[in-house]
Amino acid sequence: MTEAERIVLSGVSKFYGEVLGVNNVDLRIGPGLTGLVGPNGAGKSTLMNLMAGLIRPTQGRVRVLGISPGNPEALFRKVGFCTQWDTFPPGATGQSLLEDTLMMHGLARRTARERAMEALETVGLTAAAGRRIDAYSKGMKQRVKLANALCHSPQVLILDEPLNGLDPQGRSEMIDVLKELAGHGHYILVSSHILHEVDLISDTIIMMHGGRVVAEGTIRDVRQEIVDQPVQILIRCDRPKRVAARAFEMAHVVGARILDQGGGVVVSTRDGQAFFAELPHIVLEENLAVETVVPADEDVRAVYDYLIGPEGGP
Amino acid sequence: MTGAMFRARQIRTVAGVDFRRTLGGRRTLGLVLFCSLPVVIALVRTVVFPDGARMDVGRTTHELAQIFSLFHLRFIVFFGCAFLFVKSFRGEVLQHTLHLTLLLPIRRRDLIVGKYFGALAVALTVLVPSTIALVVFYRLANGVGSTLQVMTTVQGLGHLAAYVAITGLAAVGYGALFLLAGMFFKNPMVPAALYLGFEALAPYLPFPIRVFSIGRHLHALLPVPVSLGPLAVTGSDTPVWLAIILILGVTAIAVRLAGWRAQGFEVDYS
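Residues numbered from 1 in each chain as written. Chains lettered and ligands numbered in written order. Predicted model: local features only at pLDDT ≥ 70, side-chain atom pairs only at ≥ 80, totals over all residues. Heavy atoms only, no water.

A. Main features of the pairing of strand β11 (residues 253-258) of chain A. As judged from the five bridges shared by β11(A) and strand β12 (residues 264-269) of chain A, these two strands associate in the antiparallel manner. Opposite Gly255(A), over in β12(A), you have Ser268(A) as the bridge partner. (Pairing = 2+ DSSP bridges. Helix = DSSP H or I, 4+ residues; strand = E, 2+ residues; numbered from the N terminus.)

Next comes the structure, spelled out in structure tokens:
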């Protein structure tokens, strides 16, 4: 993939005086849904603002599909950005905000009105289109921000905590919208501190801490890079204690935990591949009825805990 | 649509949106009340002035020129423009809405031009009626019949047109300078005070610096010569055509500089 087909950050640093925003970040982001995770102050919003040109790097270079963020005329034809800020022009309604945005994209007023209503319908705000945004709830403001980012059908969507403030149904609907867009080859970068949501929506993750990228790639790839943490494998079967006993005969197995209700066992091993090779023999020899065998820590939460720590710091 | 036409349309759209949002804003009501002050003064004069003075049309014409130059132009128009144009860009920073504007597909220098025209349209919408009302109501002290008589002569209409044109040019020039000031100052009173100080000193400054005194050029356009004592912008013998060119030139420079400043502007609401 060429630079014109990716979001590229090369050696990017941003300092606010002596305060670190992001430090020496190198990233290549392709199409699909990418989750940006990290604790507060990790540099997620700074990174997104750099991509949109709202701030400029102290060092390094940013290109979005080959376009410099210093060229808003070209950039925002391809990019939509849902920012962290919940502020809107005084007196603006959902419809007027989107209409103004679309007219700036060169649409005639009538077309802009139609497209604005389509975008508001996508986020479920049709009924509130004519109401002042000041009177919207937090969730509705979040939706109108999303609609504003989506309305000109950008190829790249940068979404800073887009699910904040949405109710469960709203979250589910929004995740469906994002997945559909990603399925059509859009580039969608989503930051969130709700890790299970990142798990639900992301193909790949970028994990940040202290202004640095600490991991990048598919969740499986990232997990496999963490060699100092044993792999955890969940086996749901009829006789988990027997599986645990057999597992402990293997030198690479370092632990086994029977689940509370006795329906399964989580085996910790330093060699996942060897365990998976051995497991069919155990099943056959013990005549086990196995329901599922899945990695128990190949998710964002586990990776986050290993790399950053459960409290947001190692 | 060519690139230049598209850019012109974007500038027009920004101006239109800004005009609508500013004129519909609550703060504009304060500005309208502020710009109504000259009318109040004119009406007070009509009510309290002695009858003898009311009959002196020549004296009214001279006083009107003084009131326009010293009070309306240097106070109402000047501070009205300071409020409107400094807030045009800076107001978005204070309201935390600048990011929405900077996420639009428009060159930042075009954005600044659009915002300038939007604020200028608001300024003219508020200030021109204020000027017309001042001229008309100030003359009412001479009675309705006399006012109608004066206002229907070529000279009376010419003076009115001149005052409106000066108000418009003041908004054009001061507006551009305050738009530029808004890129650096949060409070419009700071650049306004600094610029007033500069204008007071302008007659004593070398020509290349003096040309940036909008008030000096406006003084050259007044239809009735006035002497404003120690507050006067003295020694302005600039021809009218040159004064207009200088105002437009200063305007172009200020808007261009504001555009350059906007190029490097970062969103920071902290």
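B. Seen up close, the sheet that holds strand β2 (residues 19-29) of chain A. Residues and elements named next belong to chain A. The strand order across the open sheet built from three strands is β2-β1-β4, with neighbouring strands paired in antiparallel fashion. Strands at the two margins of the open sheet, each flanked by one partner only, are β2 and β4 (59-64). Adjacent strand axes in the sheet meet at a mean angle of 20° when their direction is disregarded. Bridge count for strand β1 (residues 7-16) against β4 is five bridges, and the pairing is antiparallel. (Axes fitted to C-alpha atoms, helices over the stretch in contact; angles between N-to-C directions.)

C. Local environment of the environment of Ala181(B). Residue and element names in this part refer to chain B. With respect to the element layout, Ala-181 can be found in helix α9 (residues 154-182). According to the relative accessible area criterion, Ala-181 is buried, its value standing at 11%. When neighbours within four sequence positions are excluded, Ala-181 is seen to be in contact with Val-86 and Pro-191. (Buried < 20%, exposed > 50% of the residue type's maximum accessible area, 1.4 Å probe, protein only. Contact = heavy atoms within 4.5 Å.)

D. Representation of the nonpolar core. Counting residues in hydrophobic clusters, the biggest one holds 104 residues, and the most contacted among them are Leu47(A), Met51(A), Phe85(B), Tyr174(B), Phe178(B) and Leu218(B). The element contributing the most residues to this core is helix α5 (residues 57-94) of chain B, with 15 residues. Dropping the residues within four chain positions of it, Leu218(B) is found in contact with Leu73(B), Ile166(B), Leu169(B), Ala170(B), Tyr174(B) and Ile247(B). Core analysis: the second largest hydrophobic core is formed by 40 residues, Leu33(A), Cys82(A), Leu120(A) and Ile133(A) among them. (Core = buried A, V, L, I, M, F, W, Y, C linked by side-chain atoms within 4.5 Å.)

E. Representation of helix α8 (residues 144-151) of chain B. Residues and elements named next belong to chain B. Taken residue by residue, α8 has Ser-146, Thr-147, Val-150 and Met-151 as its buried positions. Projected down its long axis, α8 carries its buried residues within an arc of 125°, all on one side. Among the exposed residues of α8, those pointing more than 90 degrees away from its buried face are Val-144, Gly-145, Leu-148 and Gln-149. Where the residues of α8 are buried, they touch α5, α7 (108-139) and α9. (Arc of directions from axis to C-beta.)

F. Structural view of empty space enclosed by the protein. Enumeration over the complete set of coordinates arrives at three cavities of 30 Å³ or more. Counted as a void, the largest cavity has a volume near 370 Å³. As for the largest cavity, its lining consists of 32 residues, of which Thr101(A), Asn148(A), Leu100(B), Thr101(B) and Leu104(B) are closest to the centre. For the lining of the largest cavity, the elements supplying multiple residues, two or more each, are β5 (79-82), α3 (94-104) and α5 (138-150) of chain A together with α1 (3-23), α6 (98-102) and α7 of chain B. (1 Å grid on protein atoms, 1.4 Å probe; cavity = no way out; pocket = protein on both sides within 12 Å on 5 of 7 lines; lining within 4 Å. Points joined across faces, edges and corners; volume = space filled by probe spheres on them.)

G. Here's a closer look at the sheet that holds strand β7 (residues 187-191) of chain A. Residue and element names in this part refer to chain A. Ordered in space as β5-β6-β7-β3-β8-β9, the six strands form an open sheet in which the pairing is mixed. Each edge of the open sheet is held by one strand with a lone partner, namely β5 and β9 (212-218). Mean inter-strand twist for the sheet, computed between neighbouring axes without regard to direction, equals 15°. Here strand β3 (residues 32-37) runs beside strand β8 (residues 204-209); their pairing, made up of four bridges, is parallel. Within β8, the position partnered with Val-37 by the bridge is Met-207.

H. Inspection of the layout of surface pockets at higher detail. The volume enclosed by the largest pocket comes to roughly 680 Å³. Pro90(A), Arg21(B), Thr22(B), Gly25(B) and Gln95(B) are the residues nearest the centre of the largest pocket, which is lined by 25 residues in total. Elements with a minimum of two residues in the lining of the largest pocket: α1, α2 (26-35), α5 and α7 of chain B. With six residues, α5(B) is the single largest residue contributor to the lining of the largest pocket. Tallied by class, the residues present in the lining of the largest pocket amount to six nonpolar, ten polar and nine charged. Counted as a void, the second largest pocket has a volume near 390 Å³. Gln224(A), Val231(A), Gly272(A), Gln273(A) and Glu298(A) are the residues nearest the centre of the second largest pocket, which is lined by 18 residues in total. Counting residues per element, the ones that place at least two in the lining of the second largest pocket are α8 (219-225), β10 (231-237) and α10 (272-286) of chain A. Looking at the lining of the second largest pocket, its residues break down into seven nonpolar, six polar and five charged. (Nonpolar A, V, L, I, M, F, W, Y, C, P; charged D, E, K, R; others polar.)

I. How the structure looks around helix α9 (residues 240-247) of chain A. Residues and elements named next belong to chain A. Buried within α9 are the following residues: Pro-240, Val-243, Ala-244, Arg-246 and Ala-247. The buried residues of α9 occupy one face: seen down the axis, they fall within an arc of 165°. Among the structural elements, β10, β11, β12 and α10 are those in contact with the buried residues of α9.

J. Broad picture of the side chain of Glu73(A). Relative to the elements of secondary structure, Glu73(A) occurs in helix α2 (residues 72-78). Owing to a relative accessible area of 18%, Glu73(A) belongs among the buried residues under this scheme. A polar contact is formed between the side chain of Glu73(A) and the side chain of Arg107(B), at a distance of 2.9 Å. Not counting the four nearest positions on each side in its chain, Glu73(A) is found in contact with Arg7(B), Pro105(B), Ile106(B) and Arg107(B). (Polar contact = N/O pair within 3.5 Å; in protein donor to acceptor, adjacent residues only side chain to side chain.)

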